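Topology and contacts: notes
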Amino acid sequence: MKPFGIPAKPADKPASIKLPHSDNRTPEMLAAYFTSILKKLPSYQPIVIVCVGTDRSTGDSLGPLVGSNLKKRGNHSYSLYGTLDEPVHAINLADTLTTIGDSYRQPFIVAIDACLGQVSSVGSIQVGHGPLKPGAGVNKELPAVGDIHVTGIVNVGGFMEYFVLQNTRLSLVMNMSDVIASSLHQALYTVRHVSPTSALMSE
């Protein structure tokens, strides 16, 4: 039986957004956007962040870099899957989603992944409602994941995608991952009010 009825998905969804990672206003705008979504969740509904990607490809390492960045920040108000040490990728994504389904009741999942796009969009961070479909850009059939999704456009798509991902600039991916992680961390702290210090004091 679902606790307190059916956990609400965010009502009155704000429009999806797309922002350049290099703009000084982007972290603040992203944090505000994430906050507007997460504050509508019931306090009892677990938040699970799934960072998809692999550390074996520079372009595809965005997700694991975000995961490792979040892990270092130490917020205990959510559960995290996908880091550089323990990536969530094509081989284990389905098993990871099964584990999440077995471990949490009605989790709200934030999915994060890299993607390819147009030249003018490289370096942009997109947030949208609904699941992302990992592997679509490289013709892989993988399970969809996420109640909302965050994608970073790391390079140009449309031709030799594997090669393009392998030859993506690491500095771009790391900078984008830092913006995503810091914005999401701020929003989660604002909504759930759990910091590393308070978590340690409560133990």
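Preceding this paragraph is the structure being described.
Residues numbered from 1 in each chain as written. Predicted model: local features only at pLDDT ≥ 70, side-chain atom pairs only at ≥ 80, totals over all residues. Heavy atoms only, no water.

Looking now at unusual backbone geometry. A positive phi is found at Q106, a non-glycine position, where the angle reads about 55°. Within the secondary structure layout, Q106 lies in the loop between α3 (93–103) and β4 (108–117). (Helix = DSSP H or I, 4+ residues; strand = E, 2+ residues; numbered from the N terminus.)

In a regular helix each residue adds 1.5 Å, so 13 residues correspond to 18 Å; helix α1 (residues 26–38) covers 18 Å between its end C-alpha atoms and thus fits that length. For α1, every residue scored as buried is listed here: T26, L30, A31, Y33, F34, T35, S36, I37 and L38. Each element contacted by the buried residues of α1 is listed here: β1 (17–20), β2 (47–51), β4, β5 (124–129), β6 (148–156) and α5 (170–192). (Expected span 1.5 Å × (residues − 1). Buried < 20%, exposed > 50% of the residue type's maximum accessible area, 1.4 Å probe, protein only. Contact = heavy atoms within 4.5 Å.)

Further remarks concern the sheet that holds β5. For sheets, the rule is that strands pair by backbone hydrogen bonds, running either parallel or antiparallel. The strand order across the open sheet formed by six strands is β1-β5-β6-β4-β2-β3, and the pairing between neighbours is mixed. Two strands lie at the open edges of the sheet, namely β1 and β3 (79–81), each paired on one side alone. Here the average twist between neighbouring strands, direction ignored, is 20°. Across four bridges, the pairing between β1 and β5 is antiparallel. Counterpart to L19 in the pairing with β5 is I125. Sitting on the sheet, α3 touches β2, β3 and β4, and the angle it makes with β3 is about 165°. (Pairing = 2+ DSSP bridges. Axes fitted to C-alpha atoms, helices over the stretch in contact; angles between N-to-C directions.)

Gaps left between atoms are located by rolling a probe of water-molecule size over the structure's atoms. The computed volume of the second largest pocket comes to approximately 170 Å³. Lining the second largest pocket are K71, L80, Y81, G82, T83, E86, P87, V88, N92 and T96. Looking at the lining of the second largest pocket residue by residue, the classes come out as four nonpolar, four polar and two charged. (1 Å grid on protein atoms, 1.4 Å probe; cavity = no way out; pocket = protein on both sides within 12 Å on 5 of 7 lines; lining within 4 Å. Points joined across faces, edges and corners; volume = space filled by probe spheres on them. Nonpolar A, V, L, I, M, F, W, Y, C, P; charged D, E, K, R; others polar.)

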